[in-house]
Amino acid sequence: MDYNDSIRAVKGVGEKAEQRFAKLQIREVGDLLEHYPRDYDEFHDTVPIRTLEEGKRMAIEGVLRRKPTVRNTSRIKIITALFEDETGTVQVTWFNMPFLASRLHMGTRYLLRGRVGRVNGKLVLEQPKMYSKNEFYKNVGKMLPIYPLTAGLTNVQVTKAVKQALSECEGITEFLPPEIRKRHDLIGYRKAVQDIHFPKNRIEFYRARRRLVFDELFLYQAALRAIRVRNDRESSHVMTYREQLDSFREALPFALTNAQENVFSEILADLTGGHVMNRLVQGDVGSGKTVVAVMALYLTVCNGGQGAFMVPTEVLASQHCASLQKMLGPFGVRIGLLTGSLTAKQKREGKEMLASGEWDVVVGTHAILQDNVQFHDLALVITDEQHRFGVRQRETLSEKGTEPHVLAMSATPIPRTLALVLYGDMDLSVMDERPADRLPVKNCVVGTEFRPNAYHFMKEQIDLGHQIYIICPMVEENEESELESVMIYADRLREGFRGAVSVDSLHGKMKPQEKNEVMERFAGGKTDILVSTTVIEVGIDVPNATVMMIENAERFGLAQLHQLRGRVGRGAAQSYCILMYGRESKEGKERLSILAGSNDGFKIAEEDLKLRGQGDFFGEMQSGDKLFKLADIYEDAKILTAAHEEAGRYKFDEISRFYKKNKRLMEKLEHYMGDVPL
């Protein structure tokens, strides 16, 4: 079995399993081996009921003291039972498992293990698994992998497939030069892959993770350097300043900030300077990046070229398209929308208008990247939320035209020192000033006992005509848990508000069309409260939303919390962010207090960089849509810097000589870059 063999080469993977793995972008054996656990289930001994702690996964031995009850909500069945030991009692809850009501027997002792939550002020053991003593104690002390999953694919199936691939794959061979491994004390590649999936202890995990994180960051840095060398070329779209731009600026209902003026001057110098622009505009939420991008698009159209504006989600694409039509339509700019959910006829007509030049600007999602999308004369590519697009996507879009200029925008607050390394193929502009008319978001850090007050405050905001976001982290281990945690929370809200408000839910297991429908309802004001996982992070712009409540806020990094908070504060009304921690700790409260005390994303990012350490790898929730599989630019800042320095040792403008000396590394780099030529 080789690294590049089909996933079908793995024993036990048939046609149906192959299709399910493909949904996780796992098509080859190498893809499976690089499908790393998102967490580990560490088994500890049973504990007395009175010592249960909220937010932890714990095991108890208890006697069933109250006959199980089954309660039907609008979408799920909730089974509740009461268990007791010598130290106290605890309520146990299962979801969508009504058969347990007849299988649990009064007075019988059971060994249960699940996550400890809190409902109506009382601790609850949620969705526990029942074990025999023999089965349970076989796992005590082990770290069992928990993988990202998709419908129809269980954690057991993935674990079994990975074990099979590890034992039979011959292609897990070393590719880093010995001198690099020695300089940074890195373990071998095969051992790292083995230990990241099945570590015997935390020390093995950390060493494996460190090696694989270095690999990711080194390959990324090498790719950026290779691209930078190739991109340092003369432009075929040299523009000149046009007077129409003055008319556009005069028509704006506001004056540009100094930061906007400075950044546009840098963009203008690129567009008129003779070389291909490859610039990142890094600006905090609400700093006015879009206006600067629109000005660049208008100048492009005035010079006879076309522009493409690429965003992460369909709802955001529709919102940007409407915004651009409002701003540029009166000046004769023809703007079109191209997304995956359009009808076949709409797509065909849109592509024809794009290819013929009837559309000056197209706004869309990754649908713009498809091979059959052609431009008449693409001169400027704009990508929103730069960190969402990897090397391959950025290059694929830029290849749609004859060396088009590239302007990337990101609201992700990254310290400048890291940004210069992370975006090494780009010039960097920073927009660090907010328009004067934006009210700063008011923040508070509270414990779960504040929840009734929070709900009362939300109802007041809804009565004023505003809308609410509630963010739930996905913390459970089974494939249905993300759906359940969000839907159960939404059901509890509906019951609590007794139908007085409309509640909708959003999670990562929904199909794209379902997600779009939910977000469109919320954007259209038809939903009062949207309960969501972090899938909402960059996907929607609703000025009417004034409250963001984040459950278990201590489980997120500060930069991600700031991104989530950026969903509110987009309109004229005062907005609020409630950071609710589920488990109190001095360090957790210290981090959250930094966020509560500032709305400056760059300051928060710098503090996040100082505070976060290696101990945050466990339990630290991340967005599922990341540039790297393992690496985190905050926790791995030192490794990022080291990888940057190592990549700098090689001259990528002498690629053929480099290839002969490091053949295995170059093969790995080519695989990493995919269709992007070296």
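Residues numbered from 1 in each chain as written. Predicted model: local features only at pLDDT ≥ 70, side-chain atom pairs only at ≥ 80, totals over all residues. Heavy atoms only, no water.

### Points about the packing of aromatic side chains
Point 1. As enumerated under the stated definition, the model contains 17 aromatic pairs in all.
Point 2. On the basis of an interplanar angle of 65° and a centroid distance of 5.8 Å, the ring pair of Y131 and F136 is categorised as edge-to-face.
Point 3. Judged by its relative accessible area of 0%, F136 falls in the buried class.
Point 4. When the ring of F175 is compared with that of Y189, the centres are 5.2 Å apart and the planes differ by 75°; the resulting orientation is edge-to-face. A residue pair is termed long-range when its members are at least 10 positions apart, and F175 in the loop between α5 (155-168) and α6 (178-184) and Y189 in helix α7 (residues 189-197) qualify at 14 residues.
Point 5. Every member of this aromatic cluster is reached through a ring pair, and the members are F43, Y131, F136 and Y137. (Phe/Tyr/Trp six-rings, centres within 6.5 Å; stacked < 30°, edge-to-face > 60°. Buried < 20%, exposed > 50% of the residue type's maximum accessible area, 1.4 Å probe, protein only. Helix = DSSP H or I, 4+ residues; strand = E, 2+ residues; numbered from the N terminus.)

### Details of the side chain of T93
Point 1. Inspection of the secondary structure puts T93 in strand β4 (residues 88-95).
Point 2. Take T93: its relative accessible area is 4%, and that puts it in the buried class.
Point 3. Residue contacts for T93: discarding those within four places in its chain leaves I78, I79, T80, V124, L125, E126, Q127 and P128. (Contact = heavy atoms within 4.5 Å.)

### Structural notes on helix α16 (residues 451-463)
Point 1. If you check α16, its first and last C-alpha atoms are 18 Å apart, about what 13 residues at 1.5 Å a residue would give, namely 18 Å.
Point 2. Listed as buried for α16 are R451, A454, M458, Q461 and I462. Here the buried residues of α16 occupy an arc of 100° about the axis, which is enough to place them on one side. Set apart from the buried face of α16 by more than 90 degrees, the exposed residues are P452, H456 and D463.
Point 3. Directly beyond the C-terminal end of α16, a positive phi value near 95° is found at G465. (Expected span 1.5 Å × (residues − 1). Arc of directions from axis to C-beta.)

### Brief notes about the sheet that holds strand β9 (residues 306-310)
Point 1. Ordered by their spatial adjacency, 7 strands build an open sheet running β10-β11-β9-β12-β13-β8-β14, and the pairing between neighbours is parallel. Each of the sheet's edge strands pairs with one partner strand only, and the pair in question is β10 (335-338) and β14 (427-431). Across this sheet, the average inter-strand angle for adjacent strands is 20°, counted without regard to direction.
Point 2. The pairing of β10 with strand β11 (residues 361-364) spans 4 bridges and is parallel. For I335, the partnering residue across the bridge sits in β11 and is V361. (Pairing = 2+ DSSP bridges. Axes fitted to C-alpha atoms, helices over the stretch in contact; angles between N-to-C directions.)

### Focus: the pattern of salt bridges
Point 1. Applying the stated criterion across every chain yields a total of 28 salt bridges.
Point 2. Across the pair R492 and E126 runs a salt bridge, and its minimum N-O distance is 3.9 Å. Placement of the pair is R492 in helix α17 (residues 481-497) and E126 in strand β6 (residues 122-131), with a sequence separation of 366 residues.
Point 3. With relative accessibility at 36%, the residue R492 sits in the partly exposed group.
Point 4. Note that R209 is salt-bridged to D636, the shortest N-O span being 2.9 Å. With a gap of 427 residues between them, R209 in helix α8 (residues 202-231) and D636 in the loop between α21 (601-611) and α22 (637-647) connect regions that are remote in the sequence. (Salt bridge = Lys/Arg side-chain N within 4 Å of Asp/Glu carboxyl O.)

### What to know about the sheet that holds β6
Point 1. If you walk around this closed barrel you meet the 5 strands as β2-β3-β4-β6-β5, and the pairing is mixed. For this sheet the average axis-to-axis angle between neighbouring strands, irrespective of direction, equals 50°.
Point 2. Strand direction decides the pairing type here: strand β5 (residues 109-119) and β6, joined by 8 bridges, are antiparallel. Each residue of the ladder has a partner; that of L111, found in β6, is Y131.

### Side note on helix α11 (residues 289-302)
Point 1. Between its first and last C-alpha atoms α11 spans 20 Å; for 14 residues at 1.5 Å apiece the expected length is 20 Å, and the two agree.
Point 2. The buried fraction of α11 amounts to 13 of the 14 residues, a majority that puts the element mostly inside the structure.

### Section: the nonpolar core
Generally speaking, soluble globular proteins have nonpolar side chains that are buried together.
Point 1. If you look at the biggest cluster of nonpolar residues, it comprises 90 residues, and the most contacted ones within it are F21, L32, L33, F214 and F218.
Point 2. When residues in this core are grouped by element, the largest group, 14 residues, is from α8.
Point 3. Counting residues in hydrophobic clusters, the runner-up holds 42 residues, among them V301, C321, I335 and I382. (Core = buried A, V, L, I, M, F, W, Y, C linked by side-chain atoms within 4.5 Å.)

### With respect to the pairing of β9
Point 1. The element β9 is extensively covered by neighbouring structure, given that 5 of its 5 residues are classed as buried.
Point 2. Across the two faces of β9 the burial is the same, with Q306, A308 and M310 and G307 and F309 all buried.
Point 3. Across 5 bridges, β9 lies against strand β12 (residues 378-384) in parallel orientation. Paired with A308 across the strands is V381, a residue of β12.
Point 4. One ladder, built from 4 bridges, connects β9 with β11; its direction is parallel. Counted as the bridge partner of A308 is V362 from β11.

### So, the packing of α11 against helix α12 (residues 314-328)
Point 1. Their axes nearest at 11 Å, the elements α11 and α12 cross at an angle of 60°. Judged on the interaxial angle alone, α12 and α11 are oblique. The hand of the α11/α12 crossing is right-handed. Here α11 contributes T290, V291, V294, L297 and Y298 to the contact with α12, which in turn contributes H320, L324, M327 and L328. (Parallel < 35°, antiparallel > 145°, perpendicular 65-115°, else oblique. Left-handed = near helix turned anticlockwise from the far one by under 90°.)

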